[in-house]
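Okay, here's what each chain looks like letter by letter:
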Amino acid sequence: MDANPSALKITGASSLKDCAKLNLFNKSYVASKKEELLKKGLIKFQTPLNFQNGGDGSHDILKKPKTIFIEWNIAAINAGYLVQIQDITASNEEPLKSEDKYKRWFEDDLTGDFIATTCGQIIDCNPAFAEIYGFDNCEKAVKSNICDFNRDDWINLITSLKIEYKIYDHQSWHKRPDGIQIHVVANVIGIFDDSDELVQVKGYVFDDTKRKRAEESLKESEEKYRLLFDEDLTGDFIATPEGEILECNPAFAEIYGFDDCDMALEWNILESNPFDWPYMITRLKKEHKILGYQSWQRRSDGMRIHVVANVVGIFNDLDELIQVKGYMFDDTERKHAEESLINSKRQITEILDSIQDNFIALNHHWNFIYVNKCAAEYFGVDADDLIGQNLWERFPELVKTRCEETFRRTMETNEIQHFEAPNMNRTGQWFDFSVYPSAEGISIYWKDITERKKLEKDKNTLKNKLNVH
């Protein structure tokens with residue numbers, strides 16, 4: 001009978017004339033509600049409508065080329081019926097759009113999403129899940145049972161899920177159907193019925209096998225180097241520039257007289273030598289690395305030790321020294337032996353230099369390794385000028401003499417030799433030679449016997465005269 005502009009717009013009719021021949025009770029979507037309308041006098045419902053010609057030969061008032069959703073409010077009045085219609089197509093399409101959107105998210109998600117029964121049977125999954133477990137597509141994955149990937153793990157997971165309802169960051173090793181071992185991390189949520197019984201499991205998994213293997217490799221490497229660090233016989237440590245020990249190995253603790261590393265970590269290495277550490281830090285700031293640094297220090301128990309260390313500076317972005325890494329060993333015994341040897345050599349040198357006779361030492365290559373003061377004066381040179389030089393090259397006049405013959409015999413036979421010989425450069429001067437073998441070569445000791453030779457000559461001359469008379 002009448003229609004306002006909004007009704008005409010919703011239905012797509014251009015004028016009231018287009019609606020004049022239409023009887024709504026001839027339409028199934030209204031006729032089905034007639035009995036309820038007569039009983040209640042007011043009804044409200046929603047229907048989808050297709051914009052095509054009516055099957056009764058009349059034109060449908062809805063001319064638009066698509067299906068729309070209308071909310072109807074029909075009330076019985078004295079003149080007939082008052083009908084109010086509202087286009088709710090947009091609000092009805094939103095759930096469908098939302099469902100499509102979440103379906104796309106589910107399928108495009110890089111995380112492997114799945115729904116499974118408590119027995120592990122896959123009900124639904126996305127492509128990422130299928131790919132993680134080595135399936136060509138979701139259809140094949142749905143035919144699998146996740147329990148088969150790690151039975152014990154799934155049983156434990158279900159047991160925990162019944163108590164906790166949600167489990168985050170669950171990690172486990174799974175065996176894919178193709179035999180490949182993978183490590184997965186999963187968030188799982190339990191779906192419970194009205195009786196609070198777990199009926200399904202929703203899971204979100206991703207494959208972190210590479211990360212896990214890298215983590216295990218790093219851990220193995222750390223354990224290996226920690227073992228090397230702990231078992232290293234060199235004392236290894238890290239300290240602040242002020243000397244506070246941050247980390248050390250057992251060898252370091254032992255060197256400085258501690259029972260264990262924990263005790264060493266409460267100590268300050270500056271206490272070992274209050275003057276030496278600041279000096280080393282000053283050098284380290286300039287040089288960044290010092291090799292073979294030697295010093296005398298005091299252990300925690302006061303014992304004096306000599307250490308040799310390689311130290312490396314650790315610097316920040318501003319080139320400021322923030323830590324010191326050190327590798328040291330206790331060479332006190334060697335240092336004492338070295339000092340004893342030096343003292344011994346000094347004493348021997350003093351003794352040999354005090355001897356008023358000549359003494360030299362030659363190595364197996366006939367090079368001078370020691371010349372005392374008298375021998376140097378005899379040769380007319382400084383002792384240091386002869387050290388390292390070859391006897392036969394420096395004094396070729398000795399070649400093919402009794403000296404060469406006797407010196408070589410001692411070197412070869414390792415037996416002591418004695419002989420007397422005149423001075424080749426000074427007429428009438430005689431020497432008594434003693435040649436001794438040694439571990440390094442030979443030692444030659446000779447003294448002037450000119451006076452004794454002269455007395456022997458005079459004695460023989462006198463004896464000869466007496467015999468004549």
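Residues numbered from 1 in each chain as written. Predicted model: local features only at pLDDT ≥ 70, side-chain atom pairs only at ≥ 80, totals over all residues. Heavy atoms only, no water.

**Re the overall build of the protein**
Then comes step 1: Along the protein, the regular secondary structure elements total 17 helices and 18 strands.
Then comes step 2: Here the analysis covers contacts within the protein between residues at least 6 apart in sequence; of these, 40% occur between residues at least 24 apart.
Then comes step 3: Put simply, the protein shows about 29700 Å² of open surface, and 51% of that area lies on carbon and sulfur atoms. (Helix = DSSP H or I, 4+ residues; strand = E, 2+ residues; numbered from the N terminus. Contact = heavy atoms within 4.5 Å. Areas by Shrake-Rupley, 256 points an atom, 1.4 Å probe, with all protein chains shown as cover.)

**Points about a nonpolar patch on the surface**
Then comes step 1: Taken together, the side chains of Leu38, Tyr81 and Val83 define a hydrophobic patch exposed on the protein surface, amounting to about 260 Å² of accessible area.
Then comes step 2: With respect to the element layout, Val83 can be found in strand β3 (residues 80–87).
Then comes step 3: Residue Val83 is classed as partly exposed on the basis of its relative accessible area of 33%. (Patch = residues over 30% accessible without salt bridge, like charges linked within 9 Å, V, L, I, M, F, W, Y side chains within 5 Å. Salt bridge = Lys/Arg side-chain N within 4 Å of Asp/Glu carboxyl O. Buried < 20%, exposed > 50% of the residue type's maximum accessible area, 1.4 Å probe, protein only.)

**Looking at the pairing of strand β16 (residues 417–422)**
Then comes step 1: Burial along β16 is one-sided: the face carrying Gln417, Phe419 and Ala421 is buried and the face carrying His418, Glu420 and Pro422 is not.
Then comes step 2: Across six bridges, the pairing between β16 and strand β17 (residues 430–437) is antiparallel. Within β17, the residue paired with Pro422 across the bridge is Trp430. (Pairing = 2+ DSSP bridges.)

**Quick look at the pairing of strand β9 (residues 235–239)**
Then comes step 1: Burial analysis of β9 places four of its five residues in the buried class, the great majority of the element.
Then comes step 2: As paired strands, β9 and strand β13 (residues 321–330) are joined by five bridges and run antiparallel to one another. Bridge assignment links Gly235 to a residue of β13, and that residue is Met328.
Then comes step 3: Two strands pair when backbone bridges link them, and β9 and strand β10 (residues 245–248) are joined in this way by three bridges, in the antiparallel orientation. When the bridges of β10 are listed, Phe237 appears paired with Cys248.
Then comes step 4: Hairpin remark: β9 followed by β10, antiparallel, with five residues in the connecting loop; positive phi at Gly243, about 100 degrees.

**Here's the deal with the sheet that holds strand β12 (residues 304–315)**
Two strands in a sheet stick together by hydrogen bonds in their backbones, pointing the same way (parallel) or opposite ways (antiparallel).
Then comes step 1: Taken in spatial order, the five strands make up an open sheet running β10-β9-β13-β12-β11, and their pairing is antiparallel. Taken across any chain shown, the strands that pair with only one partner, and hence form the sheet edges, are β10 and β11 (289–298). Going across the sheet, the axis of each strand differs from the next one's by a mean of 30 degrees, ignoring polarity.
Then comes step 2: Examined bridge by bridge, β12 and β13 share nine bridges and lie antiparallel to one another. For Ala309, the partnering residue across the bridge sits in β13 and is Met328.
Then comes step 3: Here helix α11 (residues 276–287) sits on the sheet in contact with β9, β11, β12 and β13, set at roughly 175 degrees to β11. (Axes fitted to C-alpha atoms, helices over the stretch in contact; angles between N-to-C directions.)

**Comments concerning a negative patch on the surface**
Then comes step 1: There is a patch of like negative charges on the surface, built from Asp193, Asp194, Asp196 and Glu197.
Then comes step 2: Mapped onto the elements of the fold, Asp194 is located in the loop between β7 (181–192) and β8 (198–207). (Lys, Arg positive; Asp, Glu negative; His and termini not counted. Charge placed at Lys NZ, Arg CZ, Asp CG, Glu CD.)

**Focus on the side chain of Glu404**
Then comes step 1: In this structure, Glu404 sits in helix α16 (residues 402–413).
Then comes step 2: Residue class for Glu404 comes out buried when judged on its relative accessible area of 14%.
Then comes step 3: At 2.9 Å, the side chain of Glu404 and the side chain of Arg408 are in polar contact.
Then comes step 4: Dropping the residues within four chain positions of it, Glu404 is found in contact with Trp392, Leu398 and Val399. (Polar contact = N/O pair within 3.5 Å; in protein donor to acceptor, adjacent residues only side chain to side chain.)

**Considerations on the environment of Val399**
Then comes step 1: Summarising the element assignment, Val399 is placed in the loop between α15 (391–394) and α16.
Then comes step 2: When neighbours within four sequence positions are excluded, Val399 is seen to be in contact with Trp392 and Glu404.

**Remarks on the environment of Asp169**
Then comes step 1: Here Asp169 is to be found in strand β6 (residues 166–175).
Then comes step 2: Linking Asp169 and Ala186, residues 17 residues apart in sequence, is a C-alpha distance of 5.4 Å.

**Side note on the environment of Asn187**
Then comes step 1: Tracing the sequence through the fold places Asn187 in strand β7.
Then comes step 2: For Asn187, a relative accessible area of 31% translates into the label partly exposed.
Then comes step 3: When residues no more than four places from it in sequence are discounted, the contact partners of Asn187 are Ile167, Tyr168, Asp169, Lys202, Gly203 and Tyr204.

**Details of the pattern of salt bridges**
Then comes step 1: Summed over all chains, the structure comprises 18 salt bridges.
Then comes step 2: Between Asp331 and Arg334 there is a salt bridge, with its nearest N and O atoms 2.5 Å apart.
Then comes step 3: With relative accessibility at 38%, the residue Arg334 sits in the partly exposed group.
Then comes step 4: Across the pair Glu456 and Arg452 runs a salt bridge, and its minimum N-O distance is 2.7 Å. Of this pair, Glu456 and Arg452 both sit in helix α17 (residues 450–468), separated by four residues, roughly a single helical turn.
Then comes step 5: The partly exposed category is assigned to Arg452, whose relative accessible area is 34%.
Then comes step 6: Beyond isolated ion pairs, a larger network of salt bridges with shared partners links Asp208, Arg211, Lys212 and Glu215.

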